[in-house]
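Single-letter residue listing:
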Amino acid sequence: DAGVIQSPRHEVTEMGQEVTLRCKPISGHNSLFWYRQTMMRGLELLIYFNNNVPIDDSGMPEDRFSAKMPNASFSTLKIQPSEPRDSAVYFCASSYWDGNEKLFFGSGTQLSVL
Amino acid sequence: QKEVEQDPGPLSVPEGAIVSLNCTYSNSAFQYFMWYRQYSRKGPELLMYTYSSGNKEDGRFTAQVDKSSKYISLFIRDSQPSDSATYLCASALSGSARQLTFGSGTQLTVLP
């Protein structure tokens, strides 16, 4: 398996633009997570899906952030409009249960909002 | 106060040294404890996990949890340059990943 695949790897955009990050989870994993990582705040959970249904979006910072999972093999995280403070590395992870829930992370999208 | 605190480092050691990485946590109800390794420009990968107190060993790596002092440790024996990475500790009330609280990570460099 190729692991969790995220695209793009890098995104540079201007303030006010719409940004869409994409994720393909590992086949057979039924949970998907979006995280944001910054130096100041570390790794923060934004939203969590189970069987394609959003379960907990309490970590989404503002209404400018939205996430969808239209099917088991694809998810998007959208920021509209983007702001410089959104600059961070965004990780997607999928999971399976083996006694406890094990997370597998993608390589992340480095987002820079100018 | 963060629920999981971790010294950010950076920490540099010579090859072959024993490395000790540490975290403290504030929630005494935490039962699951994990260590993730994150190479530069990569996502975190699960390295070790333990349930409740005690030690767990996997090759050169030993994870230790002391619930009485709310202290989590990761020891790396015979450290290698390939161990150079950021190490994140994480804790949770249950085995559910959505409850994981991550530390900020300790950057480790093993010098050849």
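We now turn to the structure provided with this report. (Residues numbered from 1 in each chain as written. Chains lettered and ligands numbered in written order. Predicted model: local features only at pLDDT ≥ 70, side-chain atom pairs only at ≥ 80, totals over all residues. Heavy atoms only, no water.)

### A look at the interface of chain A and chain B
- Contact residues are listed per partner, giving 20 residues for chain A and 18 residues for chain B.
- Buried surface at the junction of chain A and chain B, summed over both partners, amounts to about 1600 Å²; 56% is from carbon and sulfur atoms.
- Our enumeration of links across chain A and chain B arrives at zero salt bridges.
- Secondary-structure elements contributing two or more residues to the side of chain A that touches chain B are β4 (31–38), β5 (42–50), β6 (53–56), β9 (88–98) and β10 (100–105) of chain A.
- Considering every element that reaches the side of chain A that touches chain B, the biggest residue donor is β10(A), with five residues.
- For the side of chain A that touches chain B, a count of residues per class yields 11 nonpolar, four polar and five charged. (Contact = heavy atoms within 4.5 Å. Buried area = accessible area lost by both parts, 1.4 Å probe. Salt bridge = Lys/Arg side-chain N within 4 Å of Asp/Glu carboxyl O. Helix = DSSP H or I, 4+ residues; strand = E, 2+ residues; numbered from the N terminus. Nonpolar A, V, L, I, M, F, W, Y, C, P; charged D, E, K, R; others polar.)

### Some remarks on the sheet that holds strand β6 (residues 54–58) of chain B
Residue and element names in this part refer to chain B.
- One open sheet accounts for five strands, arranged β1-β3-β8-β7-β6; its pairing is antiparallel. Of all strands in the sheet, those with a lone pairing partner are β1 (4–6) and β6, marking the two edges. On average, each strand axis in the sheet is tilted by 20 degrees relative to the strand beside it, whichever way the strands run.
- Where β6 lies against strand β7 (residues 61–66), five bridges are found, and the strand directions are antiparallel. Residue D58 lies in a different strand from β7, and its bridge partner there is F61. (Pairing = 2+ DSSP bridges. Axes fitted to C-alpha atoms, helices over the stretch in contact; angles between N-to-C directions.)

### Some remarks on the nonpolar core
- In terms of nonpolar packing, the biggest core is built from 23 residues, with W35(B), L74(B) and Y87(B) touching the most fellow members.
- Considering each element in turn, this core owes the most residues, four residues, to strand β3 (residues 19–25) of chain B.
- Counting 21 residues, the second largest nonpolar core, distinct from the first, contains V4(A), F49(A), C92(A) and L111(A). (Core = buried A, V, L, I, M, F, W, Y, C linked by side-chain atoms within 4.5 Å. Buried < 20%, exposed > 50% of the residue type's maximum accessible area, 1.4 Å probe, protein only.)

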